Amino acid sequence: VKAQREQAQALASQKKNLEAKTAGERDSLATLTAQNAAAEAALKDATNRLREIGAEVVALRPRLPPRLSEALELPYRSLANPALTPGERMQFVTTILNRCAQFNQTITFGDEPLTLPGETDRRMLEVIYWGASHAYALDRADGKAYFGSPGAKGWTWELAPGAEKSVAQLISIYSDQSDPQFVEVPAQISAAIQN
């Protein structure tokens, strides 16, 4: 019985020693578990916020200039995939935003098929974009000019009577067919569109 008691005391002493030795490791494990839970919650919040940003970027698309919107077709289609990882979603959002910023800092010219107000068919017109803020379209065959800008429901084109010559001159200067000079063209100033 005495030997059993001594053995029990030795085991109790070993238990106390092991508890003392592993106390730091248990504390470290508890800290790591708490940090892991916090990181998991932060990742979940970041993923949700990234989904919200993606939805806002998708909602922005109708207000983009048509040329830019068409150029971003693939990233927009990819962004619509609900199975994207947060990294992939962030990559597509960043691609779209970077391309929009790049387009907004340049003047872009080219022939483009447009659907004009009051018409159902697309027509090929010469279009010059002034960043993402506005654009001018010239229909040389009909002698008409159009002013394009983002509206509350999307990008819109409206007839700009009397601007045909100035838009043609603007395009001529851009294409290096005329000497640079100041050209008066129609413009609109409007309040920023808010969601």
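Residues numbered from 1 in each chain as written. Predicted model: local features only at pLDDT ≥ 70, side-chain atom pairs only at ≥ 80, totals over all residues. Heavy atoms only, no water.

(A) Broad picture of the nonpolar core. Counting residues in each nonpolar core, the largest one holds 20 residues, and the members touching the most others are Val-127 and Trp-157. Put simply, the parts of the chain that give this core at least two residues each are α3 (73-79), α4 (86-104), β2 (122-130), β3 (134-139) and β5 (155-159). At 4 residues, the largest contribution of residues to this core is made by α4. Membership of the second largest hydrophobic core comes to 11 residues, among which are Ile-128, Leu-138, Ala-168 and Ile-171. (Core = buried A, V, L, I, M, F, W, Y, C linked by side-chain atoms within 4.5 Å. Buried < 20%, exposed > 50% of the residue type's maximum accessible area, 1.4 Å probe, protein only. Helix = DSSP H or I, 4+ residues; strand = E, 2+ residues; numbered from the N terminus.)

(B) Spotlight on a nonpolar patch on the surface. The grouping of Ile-107, Trp-130 and Tyr-174 at the surface amounts to a nonpolar patch, some 270 Å² of accessible area in total. Among the structural elements, Trp-130 can be located in strand β2. The exposure class of Trp-130 is partly exposed, given its relative accessible area of 35%. (Patch = residues over 30% accessible without salt bridge, like charges linked within 9 Å, V, L, I, M, F, W, Y side chains within 5 Å. Areas by Shrake-Rupley, 256 points an atom, 1.4 Å probe, with all protein chains shown as cover. Salt bridge = Lys/Arg side-chain N within 4 Å of Asp/Glu carboxyl O.)

(C) The pattern of salt bridges, seen in detail. On inspection of all chains with the given rule, the structure shows 10 salt bridges. A salt bridge links Arg-123 to Asp-142, with the nearest nitrogen and oxygen atoms 2.9 Å apart. Residue Arg-123 is found in strand β2, and its partner Asp-142 is found in the loop between β3 and β4 (144-150); the two are separated by 19 residues along the sequence. By relative accessible area, which is 22% here, Arg-123 ends up partly exposed. Sharing partners across several salt bridges, the network here consists of Glu-119, Arg-123, Asp-139 and Asp-142.

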